[in-house]
Each structure stands twice: as C-alpha cells, then as structure tokens.
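What follows is each chain in one-letter form.
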Amino acid sequence: MMDHIYYYATHAEQRYFLGPTMRDQYNKIGINGNIVSYTPSGVASFLATANKPFYIDPQTHIFQFSTQHLKKNNDPKKKFKPSIEILASDRLKGPFSSVVTEDKPLLPSVFYEGDEIDLEKVDIICRGCLEFQKNTIIEEINEEDIEFLDTEENLTPQFLIAPYFYISSKNSPKWLDLTSICYSRTKELENNFPIYLSLVIAKDIVFDAREKERVIEKIRNIKPDGILLWVDDLEEESLSVDKVQKYIQFLKSLKTNTGIVINTHSGYLSILFGHPEVGGLFDGISHGINYGESRSVVPVGGGIPMARFYFYSVHSRLRWGDALQIVQKNNWWGRRETYAKNVCSCKQCHDLIAQSNTVEDAFFYYGRSQTVERKSRSGSRIELEYPTSEAKQAAANHYLFNKTREINSIQNFTLAEIFDQLTDSYNKTAPILGDDQVAHLNNWRIGVEREL
Amino acid sequence: MNKLPEDSLKQVFAEHFKNLGFDVATEVANIYRSADLVVVDEDKKITIIECKISNVRKAVEQIQIHKLSADRVFIGMPFRNPRESTISMIKNACAGLLYLMPDGTVEEYISAPQLNDWLEKTKNRLLDNMNYRGA
C-alpha cells in the first residue's frame, strides 16, 4: 500500500490530522523544520496525540536563495521570521547561522576552498542536521504528553534527511556535488536510522536527458536508502504526453538506484505512477491539507483566495464555479444516488447532504462566500467574493477524503479500468469546460500507456 | 487616475440601460468572478454583459460561468465589421453581441437567446451581491 503523507504546516491544521475519521485518512506525517524549531513542545504534543510515523524536513535548501524569502511578507527590509532564525542559528548552526547574522544567502563557495570541498564544514552541517531531527522533539515533550505514548520511539522520526540543496541546470553544479557529499557523510555518521536524500530539483532535470543523467549518475554512486522528490512547481495537469513519458523514465532511473521514492508535492498522476502495473514508481505521496499538489521552491504570492472543489473524476481542484457548471449541465443534482455516483460520496458530502434540504444546498455549502470591495488597477471599484472559513474547512475535508479514495483506487482497479475512467471523465467534462482544462486526463492515460 | 477604455465602455453601456429604466450595476461578484455589467428588469430577469475592447474569444470564455446566473448574456464591444467566424462563435456560446456604434448609440447586433442553465440560488446570490453594491 502506498504511503499517504500529510504535510503539517501550521498548528491550526490539527483538526485535519486528529479525530476518529480524519486520522484514518493518512498514515504518516511530514513536518517542516521551522515549525519544529520554533514550537517544539507544541509539535511534540501534537505528535504524541497523532501517534503516527513522521519525518522532519530540515529545509536546508531555503538558505540558498535571497534572504528576503525568509523574512516577514517577503520584505527585504524586515526582520527574519523568528522560526527561520531559530532553525538557522540554534538548530542547524554552522554556515546556516551566518545567513541570518550576515543577511546573505548561502553560496557554494562557503563550502569550498578553490575547487576542493571543505569536509570539516560538511561534517558540521551533517551533524547539526542529524542532531536537530533526532533530538529536538524528544527533548521538548512534557510529562503529560509522555503518558499518551506507547514508547518514546514514537517521538523519533521514521527516517532522517541529509542536508540538501536545490539543483537546476542553471545554478552552480557544486550544489549537486555538495548534496551528494552531505548524503554520504550523513550515512557514515548515523547507523540507527535510514537516511533519505531530499532531491529538490528544477523541471529541466526531469525533462532534459543530459541534465537527468548528471543527477542520476550521482544517485547511482550514493544509492540512498530512500528519496524524497520535489520537482519545483511541477503541475501534473500541465504535462504533455511527451513530458509524462519523460517523467516516468526519470522515475524508473531513480527507482533502480534506491529502495523508496516519495513525491512530496503530488497530485493524482503521482498516485497513478504508484500503480503496481506502472511499476510502483512512487512508494508514497505527500500533500498539504488544502494545497500542495505542486509547489514552487521559491515562495510566490498567494493571489486572491478562491473557493475550490476537488472534482474526483477530473482529479483536479477546480474553481468551485467550474465544478458547478459540470454538475448543473450534466444534471447531477436530483437524486442523492446520482450525485454520489457522478460527483462525490465522501463523508463530507454525505454529512452536508444529510443536514441540507437538497443535494444542491449541500454543494452550494462549498461555494459559500463573503463579499468585499477592492480597487482595480484602473482605480474603479470592483467586488470580489472570498470563501467563508466554513466553506474552506468543508472543501479541505472533502479534498482529504478524495485523496484517500484515489490512493485506494490503485489497489481496487486495474490500469485498464482506470484508463476507461479517465476517458469517460474527459468525455463528460470537455464539452462543458473545454479541452484545455481537462486535456490532462487524456495526456496522463496516453503517456502512461506508451511507457508500459 | 485615467480610466481604461474598457471601463469607459462599461459606463456607456451602463448609462444606456439605466436610461431605459433598468437596475444596473458594474463589477458585481458572481460565482467568484466579476460580472462587468448586470442589468435587471422589473420581473427580476437578469442580463449580464461582458465588455471587451477586443478579444471576443476571451469574452466568450469568461461569459460561460455567468450563464449560471443570467437569463441572457451579451458581449459588449465598440462597433467593427465582425467576421462570420466571430458571429458563429458568439451564437454557439448562446450569447448575444451589443455594439457601441460610432454615433454613441447601442445596437443589439446579435440577439441573445433565453438561457435555461441558470439556478435560482446563483441568481439570488448575484442579486444579493448587486444590492451590496447599491444598484
């Protein structure tokens, strides 16, 4: 069974991880290093309650970029976020702390003397990274929370991650060398835990044959225990057939050189790649609570919040209005059974239908909005709708239930059956939303079919 | 601040319908999009107009969502001799075409058919948003 990992980003998200129904939807937790650094006792208490295997992402790559991304509101004049300051100075230490004290990004030259890598500095960051992941939580757990634990081992990560850096065809090749050397050194230092390589790469590493080989050669040499893959800003819905094929070829190369590959920002295509008939190319997938199918390595602005509805058969988080068009034009309202069969039968939809007068009322709950007025670029008044907090919460629950359904689907259906489902969904939705918005359903099917 | 030509176009169409006695509002939130111009008659029949200086294709895309809240939808543009393909595209989208003529008058160049995709809920929501704007 594929690992289903929820990424824990803020303490406000706990409701989605705990509770009798929600906790059955996933089996592992990924946590950002900065939240562990800043609120270790809060994280310890949460993990003691969740009682699930977890890992901590030390986020070493974030120090490579302009320091403005580490500051409040991305403003270069402001102070560093306190969580980042503590992660760099008190947890990871070494050259990471100088990013904060000197307000300068980490450059490869910090780790090099001429062309020679400074192994002492590598040793410092590997030890700091290991220490942080192994001990921060366990040192901060309080007596009350310990009572909830079966054993203290439940508060140690399932695996540890070596220091890592973002790799692209554009940035210095030294980042790849450094990532590889950090992995090897961490592996030498730690015998009690599996050590995973966090492979954070630009899209061109996946799709350009020469770039791919440059990275795969390193991985072939280090043979990591496992790989956490993050392809920068990869939107699965935007992939052409050719790129789906190249993605599969890349994953096959990874898979021959490691035991486990987990995609940290993944949509349905990654789940499909985990299908046994495709070769189980992913052993696990991870996503955030209501986002995270794709994510940029350098944070970008959020834009205007928009109500979205995860439409299972399209395997995409559609604008609520687009989802509404599909349901209305196919006339999937009337009977509850019709809605359940064609749109969704998750617990959230079921509960909303049970408490509403009609199926239509239940669906409109996901689109509830509040209206605010803003000025447009031309200076005129413009009115916008924002989703209400209860609509966002319902949409998040609905999304999480549907992700579980997707993961179960690769156990319950043959690839041929899944291909039929994708074709059927395209035929029902393309005449409403247009080919462009649902073309991924065909591209995924054809791309996978060609690589079998 | 100078108004964009598109804003001026909306205002001209808005004035036209106000003078005919309709309730009119510009930039009204509708299903998480903004409807350029909403015109309501005394029977609460709703017409939505998407105003564009050019790029009919984009207007046709944008108007799709508004069909869930309106009895009729139009694309409103300054006059130009339309190509057959443009006329077909607008007709196939079940929309109409309003032209602002060079002499300042408004002409219904393509009539908009009566729609039946709308929902009572989306219509009421649009009317609520329109009231919020102070139609």
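Residues numbered from 1 in each chain as written. Chains lettered and ligands numbered in written order. Predicted model: local features only at pLDDT ≥ 70, side-chain atom pairs only at ≥ 80, totals over all residues.

**Focus on the overall build of chain A**
At step 1: Scanning chain A from terminus to terminus reveals 18 helices and 14 strands.
At step 2: The C-alpha atoms of chain A give a radius of gyration of 23 Å, which matches the 22 Å a tight globule of 452 residues would have.
At step 3: Expressed along its principal axes, the backbone C-alpha trace of chain A runs to roughly 70 × 60 × 50 Å.
At step 4: Long-range pairs, those at least 24 residues apart, make up 69% of the contacts in chain A between residues at least 6 apart in sequence. (Helix = DSSP H or I, 4+ residues; strand = E, 2+ residues; numbered from the N terminus. Rg over C-alpha atoms; globule rule 2.2 N^0.38 Å. Contact = placed C-beta atoms within 7 Å.)

**Describing the overall build of chain B**
At step 1: Scanning chain B from N- to C-terminus turns up four helices and six strands.
At step 2: Along chain B, from the amino end to the carboxyl end, the secondary structure elements read α-β-β-β-α-β-α-β-β-α.
At step 3: Scaling as 2.2 N^0.38, a compact globule of 135 residues should have a C-alpha radius of gyration of about 14 Å, and chain B matches this with 14 Å.
At step 4: Seen through its principal axes, chain B has C-alpha atoms that stretch 35 × 35 × 25 Å.
At step 5: The buried share among the 135 residues of chain B stands at 40%. (Buried ≥ 20, exposed ≤ 12 C-beta atoms within 10 Å, placed from the backbone.)

**As for the interface of chain B and chain A**
At step 1: The interface of chain B with chain A comprises 20 residues on the first partner and 21 residues on the second.
At step 2: For the side of chain B that touches chain A, the secondary structure elements donating two or more residues are β1 (23-30), β2 (33-40), α2 (56-66) and α4 (120-133) of chain B.
At step 3: Among the elements that line the side of chain B that touches chain A, the one with the most residues is α4 of chain B, at four residues.
At step 4: Its residues assigned to classes, the side of chain B that touches chain A shows 10 nonpolar, three polar and seven charged. (Nonpolar A, V, L, I, M, F, W, Y, C, P; charged D, E, K, R; others polar.)

**Some details on the domain arrangement of chain A**
All names here are of chain A.
At step 1: Taken as a whole, chain A is organised into domain 1 (3-287) and domain 2 (308-412).
At step 2: Spacing between the C-alpha centres of domain 1 and domain 2 amounts to 32 Å.
At step 3: If you look at the interface, domain 1 gives 12 residues, while domain 2 gives 11 residues.
At step 4: At three residues, helix α11 (residues 268-273) tops the list of elements feeding residues into the side of domain 1 that touches domain 2.
At step 5: Residues of the side of domain 1 that touches domain 2, tallied by class, amount to four nonpolar, seven polar and one charged. (Domains from an automatic or database assignment.)

**Considerations on the sheet that holds strand β6 (residues 106-110) of chain B**
Strands pair in a sheet through their backbones, by hydrogen bonds, and they do so in one of two ways: parallel or antiparallel.
Residue and element names in this part refer to chain B.
At step 1: What the six strands build is an open sheet, ordered β1-β2-β3-β4-β5-β6; its pairing is mixed. Both outer strands of the open sheet, β1 and β6, are each paired with one neighbouring strand and no more. Recorded for the sheet is a direction-independent mean angle of 35 degrees between the axes of neighbouring strands.
At step 2: Relative to β6, strand β5 (residues 96-100) is paired through four bridges, and the arrangement is antiparallel. Residue pairing across strands places Leu 98 opposite Glu 108, the latter belonging to β6. (Pairing = 2+ DSSP bridges. Axes fitted to C-alpha atoms, helices over the stretch in contact; angles between N-to-C directions.)

**Regarding the environment of Met 77 of chain B**
Residue and element names in this part refer to chain B.
At step 1: For Met 77, the location among the structural elements is in strand β4 (residues 72-78).
At step 2: Accessibility expressed as a C-beta count within 10 Å gives 24 for Met 77, which makes it buried.
At step 3: Separated by 13 residues in sequence, Met 77 and Ile 90 have C-alpha atoms that sit 12 Å apart.
At step 4: Not counting chain neighbours up to four residues away, the residues in contact with Met 77 comprise Lys 52 and Tyr 99.

**Side note on the nonpolar core**
At step 1: Among the nonpolar cores identified, the biggest contains 132 residues, and Ala 162, Ile 167, Cys 182, Ile 201, Leu 272 and Tyr 366 of chain A are the most heavily contacted of them.
At step 2: With nine residues, helix α16 (residues 389-412) of chain A is the single largest residue contributor to this core.
At step 3: Domain assignment of the residues forming this core places at least three in each of domain 1 (3-287) and domain 2 (308-412) of chain A.
At step 4: Here Ile 167 of chain A is in contact with Trp 175, Leu 176, Thr 179, Val 200, Ile 201, Ile 205 and Val 215 of chain A, once residues within four sequence places are set aside.
At step 5: In terms of nonpolar packing, the next biggest core, distinct from the first, is built from 33 residues, Ala 14, Met 77, Leu 98 and Met 130 of chain B among them. (Core = buried A, V, L, I, M, F, W, Y, C linked by C-beta atoms within 7 Å.)

**Details of the sheet that holds strand β6 (residues 160-161) of chain A**
All names here are of chain A.
At step 1: Spatial strand order, β3-β2-β1-β10-β9-β8-β7-β6: eight strands in an open sheet with parallel pairing. What marks the edges here is a single partner per strand, and that holds for β3 (54-57) and β6.
At step 2: Here four bridges tie strand β2 (residues 28-32) to β3, and the two strands are oriented parallel to one another. Paired with Gly 30 across the two strands is Tyr 55, which belongs to β3.

**Some words on unusual backbone geometry**
At step 1: The backbone of Asn 73 of chain A sits at a positive phi, close to 55 degrees, despite the residue not being glycine.
At step 2: Relative to the elements of secondary structure, Asn 73 of chain A occurs in the loop between β3 and α3 (82-92).
At step 3: Residue Asn 73 of chain A is classed as exposed on the basis of its 9 C-beta neighbours within 10 Å.
At step 4: Even without being glycine, Ile 31 of chain B reaches a positive phi, approximately 50 degrees.

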